[in-house]
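Reading the structure
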Amino acid sequence: MTPIRARISVLGLALVAGLATPASATAAPVTAATAPAPTVEERRLDGDAPREILRRSGFASAAPAFARGLGRADSYREARRLVAREGSALWRRAVDRVQGRGPARGDLSRDDDRPLYWARLGMTRELRTWEPGFGLSERQRAALLDELERTSRGQRDIRLPQHRTGSGGGGKGVKRVLLTGFDPFTLDRDIRISNPSGAVALALDGTVIDTPDGPARVETAVFPVRWQDFAEGAVERALRPYLPKVDLFTTVSQGRVGKFDVERTNGAWRGGFPDNDNVSRTETVPVADPASQPQWTTTTLPYEAIAAADTGRFPVLDNTAVTEIPAGGTEPVVRPDGPTPGSTAREGGGGNYLSNEIAYRATLLRDRLGLHGTLPGGHVHTPVLQFGPDNADPATGTVTDPAFVRNRLDIVAQTRAILAVAVSASGRDRS
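Residues numbered from 1 in each chain as written. Predicted model: local features only at pLDDT ≥ 70, side-chain atom pairs only at ≥ 80, totals over all residues. Heavy atoms only, no water.

1. What about the environment of leucine 90?
- On the secondary structure map, leucine 90 appears in helix 4 (residues 76-98).
- A relative accessible area of 4% places leucine 90 in the buried class.
- Placed 58 residues apart in sequence, leucine 90 and leucine 148 show a C-alpha to C-alpha distance of 9.7 Å.
- Filtering out sequence-adjacent residues up to four positions away, leucine 90 remains in contact with Phe59, Ala62, Leu116, Ala119, Arg120, Met123 and Ser152. (Helix = DSSP H or I, 4+ residues; strand = E, 2+ residues; numbered from the N terminus. Buried < 20%, exposed > 50% of the residue type's maximum accessible area, 1.4 Å probe, protein only. Contact = heavy atoms within 4.5 Å.)

Structural data, given as structure tokens:
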């Protein structure tokens with residue numbers, strides 16, 4: 001998700017606070033005249049490709065079933081329980097489909113991340129426009145939407161194992177890894193788009209990777225491609241409870257064609273590229289306590305070991321480049337070897353879109369929790385997920401093809417191998 005870097009051939013995330021406590025069910029009702037309209041992102045559901053993806057994956061029934069459940073809810077409390085239950089069920093259903101549990105319920109390949117994305121939007125659209133007879137305040141609706149977002153993205157489903165010890169006390173413990181992915185984006189350019197980082201999150205959630213340093217359990221979540229969610233603290237709120245408990249974390253997103261990048265440096269700047277709601281933001285990344293906000297944060301992943309390892313068919317690069325305004329300067333300058341002292345960020349290694357921002361926020365949170373020297377963490381960009389050469393035109397192409405599926409599977413497998421290297425190298429570094 002790096003639309004600014006010139007070498008990328010496709011256009012590509014605070015205040016740590018939850019939503020306000022819901023008002024009581026007796027608050028002033030939302031009338032038909034003031035009921036929210038669907039968002040830009042939700043209106044894309046009416047396109048042919050989203051409908052086909054939902055139909056061919058068996059997920060077309062998710063939003064209608066959710067709407068029927070909302071229709072039976074006779075209080076805010078009951079609606080809250082329904083939203084939490086159905087959001088979690090959607091996440092588990094998507095994970096199970098990708099990981100081969102249960103029937104596929106359609107001919108779309110099981111590794112596909114898009115059914116979760118479009119089904120969630122169908123559910124948020126139903127909830128956003130729902131007008132219950134008991135009345136619903138704006139604050140209550142916002143709280144319900146927040147609950148649906150968090151549960152259906154796996155953010156409330158992170159289950160870290162207890163460290164275990166081998167027989168006789170000499171075995172290695174199970175390492176705990178946290179990984180995040182993203183929704184599809186740039187959908188107005190090609191509404192068929194899949195995000196390989198979301199596919200990685202679904203494929204690896206709850207799985208165990210065997211490494212030379214012992215087994216590693218992976219827990220995952222996905223995030224929206226929306227500036228406002230990040231400004232409201234979605235990243236910090238989701239990751240803060242877990243960073244002190246994990247052995248390694250990595251945020252993952254789609255980057256450039258044909259290459260993985262381990263991003264060495266992240267910058268405190270939003271470059272303004274439109275998000276999935278077609279909203280643009282050009283500003284310093286908004287975080288809590290801006291007076292102590294650094295311009296740059298750095299990875300603590302074992303980037304040299306990752307780049308040197310044979311993990312799959314795509315090259316993996318240790319990306320050190322940034323764009324800065326040098327101290328005393330006024331114009332941006334590209335620095336191949338990282339930022340210079342006193343400079344102002346304009347692009348991290350991963351650009352200045354939401355992939356750079358989630359990397360910046362997660363590593364800043366790591367540092368503010370006092371974990372910089374003990375917790376390996378940073379950002380990995382995957383290659384762009386490409387359709388086959390005969391299916392590249394969004395105006396005439398199909399929603400999937402064999403090359404598209406093969407590319408996604410290869411990216412997922414190589415990300416898994418990169419994690420294994422990172423866990424093993426980090427274990428050696430700390431031993």
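Structure's up, so let's keep going.
2. Comments concerning the nonpolar core
- Counting residues in hydrophobic clusters, the biggest one holds 67 residues, and the most contacted among them are Phe66, Trp118, Leu127, Trp130, Leu144, Leu179 and Leu419.
- Residue contributions to this core peak at nine residues, all from helix 4.
- Membership of the second largest hydrophobic core comes to 23 residues, among which are Val225, Leu239, Leu354 and Ile358. (Core = buried A, V, L, I, M, F, W, Y, C linked by side-chain atoms within 4.5 Å.)

3. Regarding the packing of aromatic side chains
- Throughout the structure, instances matching the rule amount to nine aromatic pairs.
- Geometrically, the ring pair formed by phenylalanine 185 and tyrosine 353 is tilted, given 6.1 Å between the ring centres and 40° between the ring planes. A residue pair is termed long-range when its members are at least 10 positions apart, and phenylalanine 185 in the loop between strand 1 (175-182) and helix 7 (196-204) and tyrosine 353 in the loop between strand 13 (344-347) and helix 11 (354-368) qualify at 168 residues. One exposure class covers both phenylalanine 185 and tyrosine 353, and it is buried.
- Seen from their ring centres, tryptophan 227 and tyrosine 353 are 5.5 Å apart, and the 75° between their planes marks the pair as edge-to-face. Pair noted here: tryptophan 227 is in helix 8 (residues 227-231) and tyrosine 353 is in the loop between strand 13 and helix 11, with a separation of 126 residues, a long-range link. Pair check on accessibility: tryptophan 227 and tyrosine 353 agree, each one buried.
- Grouped by ring-pair contacts, the aromatic residues Phe185, Trp227, Phe273 and Tyr353 constitute a single cluster.
- In this arrangement the basic side chain of arginine 93 is found over the ring face of phenylalanine 59, its NZ or CZ atom lying 4.2 Å from the centre.
- Above the plane of the ring of phenylalanine 387 lies arginine 192, whose end atom (NZ or CZ) is 3.9 Å from the centre. (Phe/Tyr/Trp six-rings, centres within 6.5 Å; stacked < 30°, edge-to-face > 60°. Lys NZ or Arg CZ within 6 Å of the ring centre and 35° of its normal.)

4. A short note on the sheet that holds strand 13
- If you walk across this open sheet you meet the three strands as 12-11-13, and the pairing is antiparallel. The open sheet has two edge strands, strand 12 (333-335) and strand 13, and neither has a second partner. Within this sheet the neighbouring strands show an average axis-to-axis angle of 40°, counted without direction.
- As judged from the three bridges shared by strand 11 (residues 322-325) and strand 13, these two strands associate in the antiparallel manner. Across the sheet, the residue bridging to glutamate 324 is alanine 345, located in strand 13. (Pairing = 2+ DSSP bridges. Axes fitted to C-alpha atoms, helices over the stretch in contact; angles between N-to-C directions.)

5. What to know about the pattern of salt bridges
- By the definition in use, this model includes 36 salt bridges.
- For the salt bridge of aspartate 229 with arginine 226, the shortest nitrogen-to-oxygen distance reads 2.8 Å. Take aspartate 229 and arginine 226: they sit in the same class, and that class is buried.
- The shortest N-O distance in the salt bridge between aspartate 367 and arginine 366 comes to 2.7 Å.
- Salt bridges sharing partners connect three or more residues here, namely Glu41, Arg120, Glu149, Arg153, Asp183, Arg226 and Asp229. (Salt bridge = Lys/Arg side-chain N within 4 Å of Asp/Glu carboxyl O.)

Note that every value here comes from positions in space, so none of it alone points to a role or purpose.
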